[in-house]
Amino acid sequence: MLRLVLGRLGMMAGVLLGVLLLTFLISRLLPGSPVEALLGAKPTAEQIAAARLALGLDRPIYEQFAVYVWHALHGDLGRSLASGQPVLAEMTRRAGASFELVTISLVVALGIGVPLGMRSAVAQDRGFDHLVRAITLAGMALPSFFIGMLLQMLFYGSAGWLPLQGRLSDDVLLDHPFDPVTGLALVDSLLAGEPAAFGSALAHLVLPVATLALATVAVVTRNTRALMIDALGADHIRTFRAYGLAESRIQYRYALRATLIPLLTIIGLTYGYMLGGSIVVETIFDWPGLGAYAVNALVSNDFPAVMGVTILLATVYLTINLLVDLTYYAVDPRLGRR
Amino acid sequence: MRERLLVLFSALLLVATPAGATGRTVVQAGAGDIKDWDPAIAFSLEVPMLVNVYEPLLWYNPPGSAEPFTPALATSWSSSEGGTVWTFKLRPGVRFHDGTPLTADAAKRSLERTIALKQGAFYIWDPVAAIEAPDDGTLVIRTTRPAPIDLIASSQYGAYIYSLAAAAQGTDWFNQGHDAGTGPYRVRQWDRGQQTVLERFPDYWGGWQDRNFSRVILKTVLESATQIQLLRTGDADIVAPVPADAILGLTRNPKIRVAQAPSWNNTQFLINTAKPPTDNLAFRQALSHLWDYNTVAETVYAGSAEPAAGPIPRSMWGHDDTIETPRFDPALARQLLDQSGIPAEARHLTLAYIGADEEYKNAALLFQQNAARLGITVELLPGPWGTIWDKAKKLETAPNLQSMTWWPTYATPSDWLVGLFRTEQPTLFNLSHYSNPAFDAVVNEGVALEGSDRPAAIAKYGEAQQILMADAPAIFAADLRTRVGYRADIQGLEANPAYAAVFYYRLWRSAATE
């Protein structure tokens, strides 16, 4: 097991270095000036020259890359050109918001998608199954920005039930501030004993979570359904039925368990997919997370920030995949004996 | 159980409802967050906030006012020795937000710090030779050449006076969301990427009336559609700028007004004068007659622009009213095209514009169609500004035409003439790669006269504009208007093209809703 973990960690390091090199080359070789983001609208030629010198853009590209990697290994991802703040500090501050949004969305998507997929598989080719398939197809086809704006119009514009954007209301930000201990507003507001802030955080989560979860519910439901149909058609399930085992026990104890390993892979991939998808959702809802940060960085040629976000997302994605692989061994101990 | 759920849901709704835009609080929604808090450096989207926190020596008045300036931190001023010595008498009894008094020495050291940092718009003070504070209430600025220090001192960039006691803590201190101004509002809170909250400064020299807003919330809202939704529901009082295509819908809402006023932002499509086929004068003139000025202003900008009359907006002093502007005239364009001698197979152009800008895109598409009717192929190259700018600076990668919206750093027409069209080596913003020694000479004379003999400077700038119209280094497309959407109960909104900002101190909410 240790050898496996070490091997995978080595592979992760190699992949990260590759991602780093590729992103660095793309950001430096494509035409575009990063100094405008740094200096404002109308810099002078002297200011541009000074900024290029300060950013090390006058050095050979391999030297720039080596300096970047050296600093990155020491936890310094540079300063954002757009905000002037250290990239690592900005990402750390924003990571909680994205993590909270994506994780809750995934839990909601799994909570709805897995049972729905199971019921759909059990009722294969019957009315309920057709209905679920039609709805999930629509869920997959509709883009997040459309769903998000539709939900905003319905629940904010028409009904006035839920907030339109942001992570906390004005009043909470002003009158019930709390320290970001974990970066998760729900947790931090409770730790600070601020129920009003907790309520506000919860209310602000509803629409972005619904938007992000909806497309994921469709993916989880359809995959669970397909896996369950395969599992329910297996020889040993037929044997259990012949022995007269209760149908619910067959479905939940045996069929669902057989789907766990492929389902874990899907969940791992989905988390990465949702992190990417959160870029759109965070933009629509002004969610102060990594997605909105990435968008701002891209449109303003903020190379250090683009690099930082890329490295962070790649690391998260690779870590999740490693954890998923390790979970296989917990779910099916036979894998460890091979 | 059901009752408990109902109570919980009701509580959720209560805390969810934004309570900002009421009573003595005014809420503005906009796309920009603060980049630089340091008033010496700020040169970006934070400026609309800064004008409410900091003050310059003078405010520049909107065009048409009886006087060109309103006293701010200086109550009177005069120039002598041919515009090389400027004396400002400072307003007594002014305090910075940190409690220290405004003195001439504080103002002197504040300006000296701005100049020494060499960041942002420090270069507007380029003519300054020395700053002196002979007594607590007198500030003297000496220049190396006649210079319009009154105009420079009223700039929205790099001209703020701030407490050096606070500034001594450095730019990083400012960038934590601190301020050191004298303005009516001080910064209470900054939640990065979410909102900035300003609160009234009780010791403001201008005093306070009951109707003034005591709190200002500036919400960062990236999507313009979301900003509009907030305005419609009243969760935001002000949205600026509103997208052109939203104006009509908003004006139908009786609870919303859209204020439009001339701005000093204008749009041109710079024509590369050094690259074939646009290095040919007749060909460039033909292009200027293929631009459908009225349709662009009325349709593309939904009436929030007017066809430009040359490089300088009509509302800026020094604009030459006698200019003959090209009109949309395909027949004349065809004649000029024939005169140009450019063969049909060489009538191919590249046109770069900022892809995220709908107005640029639609104007470029219209131009592409009109040009195609005369056999000119226009290849559209949308992209981000950084890429466009980088390519346009080098002749080998520069397009034939490219979009450019320009505004002055301080209230001077020379900003357009020098910044966009004076010979430049290496190229920075003269992306037409235009070089005309006669034009350069006239502009330089105008700049030299601006501080000592403004009517003579205006005459020189007029000559320069005539030269530009003859040489056609750009399609002068549109003078843009400000577009501020606001709730009907907000009163006191005044447009001033010199400041891309809303002055919250001058606003109040009408009594009916207080």
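The structure displayed is predicted, hence computed values, not measured ones. (Residues numbered from 1 in each chain as written. Chains lettered and ligands numbered in written order. Predicted model: local features only at pLDDT ≥ 70, side-chain atom pairs only at ≥ 80, totals over all residues. Heavy atoms only, no water.)

## A few points about the overall build of chain B
Within chain B, the secondary structure is distributed over 16 helices and 19 strands. Its C-alpha radius of gyration of 25 Å places chain B within 12% of the 24 Å reference for a compact globule of 514 residues. Its C-alpha atoms put chain B at 75 × 75 × 40 Å along the principal axes. Taken across its 514 residues, chain B has 58% of its residues classed as buried. Across chain B, contacts joining residues at least 24 apart in sequence account for 70% of those joining residues at least 6 apart. Carbon and sulfur atoms form 52% of the exposed surface of chain B, whose accessible area is close to 19,900 Å². Charge separation in chain B, taken as the distance between the mean sites of 43 positive and 54 negative side-chain charges, equals 6 Å. (Helix = DSSP H or I, 4+ residues; strand = E, 2+ residues; numbered from the N terminus. Rg over C-alpha atoms; globule rule 2.2 N^0.38 Å. Buried < 20%, exposed > 50% of the residue type's maximum accessible area, 1.4 Å probe, protein only. Contact = heavy atoms within 4.5 Å. Areas by Shrake-Rupley, 256 points an atom, 1.4 Å probe, with all protein chains shown as cover. Lys, Arg positive; Asp, Glu negative; His and termini not counted. Charge placed at Lys NZ, Arg CZ, Asp CG, Glu CD.)

## Quick word on the overall build of chain A
Along its length, chain A carries 15 helices and zero strands. Along the longest, intermediate and shortest principal axes, the C-alpha atoms of chain A span 85 × 55 × 40 Å. Taken across its 338 residues, chain A has 46% of its residues classed as buried. Taking all contacts inside chain A whose residues are at least 6 apart in sequence as the whole, residues at least 24 apart take part in 74%. When the accessible surface of chain A is totalled, it reaches about 16,100 Å², and 69% of it is carbon and sulfur. Distance between charge centres in chain A, computed from 23 positive and 23 negative side chains, equals 15 Å.

## Concerning the confidence of the model for chain A
Summary statistics for chain A give a mean pLDDT of 86 and a share of 97% for residues scoring 70 or more. Helix 9 (residues 185-191) of chain A holds the highest mean pLDDT among the elements of chain A, 93, whereas helix 15 (residues 334-337) of chain A holds the lowest, 66. (pLDDT = per-residue confidence, 0-100.)

## Observations concerning the interface of chain A and chain B
Each side of the interface is counted separately: chain A has 52 residues, and chain B has 49 residues. A buried area of about 4,300 Å², summed over both sides, lies between chain A and chain B, and 57% of it is on carbon and sulfur atoms. Contact with chain B buries area across many residues of chain A, yet Lys 42, Asp 170 and Leu 174 of chain A alone supply 18% of it, more than any other trio. Taken together, chain A and chain B are joined by two salt bridges. Its salt-bridge partner being Asp 170 of chain A, residue Lys 219 of chain B comes within 2.6 Å of it at the nearest N-O pair. Summed over the shared surface of chain A and chain B, the number is 13 residue pairs in polar contact (both at pLDDT 80 or more). Every element with two or more residues in the side of chain A that touches chain B is listed here: helix 2 (35-39), helix 3 (45-55), helix 5 (87-122), helix 7 (144-158), helix 8 (170-175), helix 10 (195-232), helix 12 (247-284) and helix 13 (290-299) of chain A. (Buried area = accessible area lost by both parts, 1.4 Å probe. Salt bridge = Lys/Arg side-chain N within 4 Å of Asp/Glu carboxyl O. Polar contact = N/O pair within 3.5 Å; in protein donor to acceptor, adjacent residues only side chain to side chain.)

## Overview of a nonpolar patch on the surface
Residues and elements named next belong to chain A. A surface patch of nonpolar side chains, about 570 Å² in accessible area, is lined by Leu 142, Phe 145, Phe 146, Met 149, Leu 150, Leu 154 and Val 280. Looking at the nonpolar patch, the element that brings in the most residues is helix 7, giving five residues. Within the secondary structure, Leu 150 is located in helix 7. Classification of Leu 150 as partly exposed rests on a relative accessible area of 39%. (Patch = residues over 30% accessible without salt bridge, like charges linked within 9 Å, V, L, I, M, F, W, Y side chains within 5 Å.)

## Points about the side chain of Arg 91 of chain B
Residue and element names in this part refer to chain B. Mapped onto the elements, Arg 91 comes out in the loop between strand 5 (85-90) and helix 3 (104-117). Among buried Asp, Glu, Lys and Arg side chains, Arg 91 stands out as unpaired, with Glu 55 the closest opposite charge at 6.7 Å. Of the polar contacts made by the side chain of Arg 91, one reaches the backbone oxygen of Ala 72; its length is 2.7 Å. Setting aside chain neighbours within four positions, we find Arg 91 in contact with Pro 71, Ala 72, Leu 73, Ala 74, Thr 75, Leu 102 and Trp 205.

## Some points on the domain arrangement of chain B
Residue and element names in this part refer to chain B. For chain B, the assigned domains read domain 1 (32-220) and domain 2 (262-481). Just the C-alpha atoms count here: the centres of domain 1 and domain 2 sit 34 Å apart. Opposite the 18 residues of domain 1 that make contact, domain 2 presents 13 residues. For the interface between domain 1 and domain 2, the tally reads one salt bridge. Between Asp 150 and Arg 454 there is a salt bridge, with the nearest N and O atoms lying 3.1 Å from each other. Here domain 1 and domain 2 share three residue pairs in polar contact (both at pLDDT 80 or more) between them. (Domains from an automatic or database assignment.)

## Section: the pattern of salt bridges
Residues and elements named next belong to chain A. Counted according to the given criterion, the structure contains 28 salt bridges over all chains. A salt bridge links Arg 133 to Asp 125; the nearest nitrogen and oxygen atoms lie 3.5 Å apart. Between Arg 238 and Asp 235 there is a salt bridge, and its shortest N-O distance comes to 3.0 Å. Residue Arg 238 and its partner Asp 235 are located together in helix 11 (residues 235-243), separated by three residues, close to a single helical turn.

## Quick word on the sheet that holds strand 5 of chain B
All names here are of chain B. As summarised here, the arrangement of the four strands in space is 4-5-7-6, forming an open sheet in which the pairing is antiparallel. A single partner strand is all that each edge strand has here, and the edge strands are strand 4 (74-80) and strand 6 (128-135). The mean angle between the axes of side-by-side strands here comes to 20°, regardless of whether they run parallel or antiparallel. When strand 4 meets strand 5, the two strands line up antiparallel, connected through six bridges. Bridge assignment links Ser 80 to a residue of strand 5, and that residue is Val 85. (Pairing = 2+ DSSP bridges. Axes fitted to C-alpha atoms, helices over the stretch in contact; angles between N-to-C directions.)

## What to know about the nonpolar core
All names here are of chain B. Among the nonpolar cores identified, the biggest contains 113 residues, and Leu 57, Phe 88, Trp 125 and Ile 141 are the most heavily contacted of them. For this core, the leading source of residues is helix 16 (residues 454-471), giving five residues. Summarising the domain contributions, this core has at least three residues from each of domain 1 (32-220) and domain 2 (262-481). Non-local contacts of Trp 125, meaning those with residues more than four positions away in its chain, are made with Leu 111, Thr 114, Ile 115, Ile 141, Ile 149, Ile 152, Ala 153, Gly 158 and Ala 159. By size, the runner-up hydrophobic cluster in this structure holds 33 residues, among which are Phe 269, Ile 271, Ile 342 and Ala 477. (Core = buried A, V, L, I, M, F, W, Y, C linked by side-chain atoms within 4.5 Å.)

## Some points on helix 14 (residues 414-421) of chain B
Residue and element names in this part refer to chain B. A large share of helix 14 lies buried, amounting to seven of its eight residues. Looking at helix 14, one finds that the buried residues are Ser 414, Asp 415, Trp 416, Leu 417, Gly 419, Leu 420 and Phe 421. In this structure, the buried residues of helix 14 make contact with strand 12 (256-271), strand 16 (401-406), helix 15 (437-449), helix 16 and strand 17 (474-487).

## A look at the confidence of the model for chain B
Chain-level pLDDT for chain B is 92 on average; 95% of the residues reach the 70-or-more range. This stretch, residues 5-19 of chain B, has a pLDDT under 50; its non-local contacts, to residues over four places away or in other chains, come to 14 contacts.

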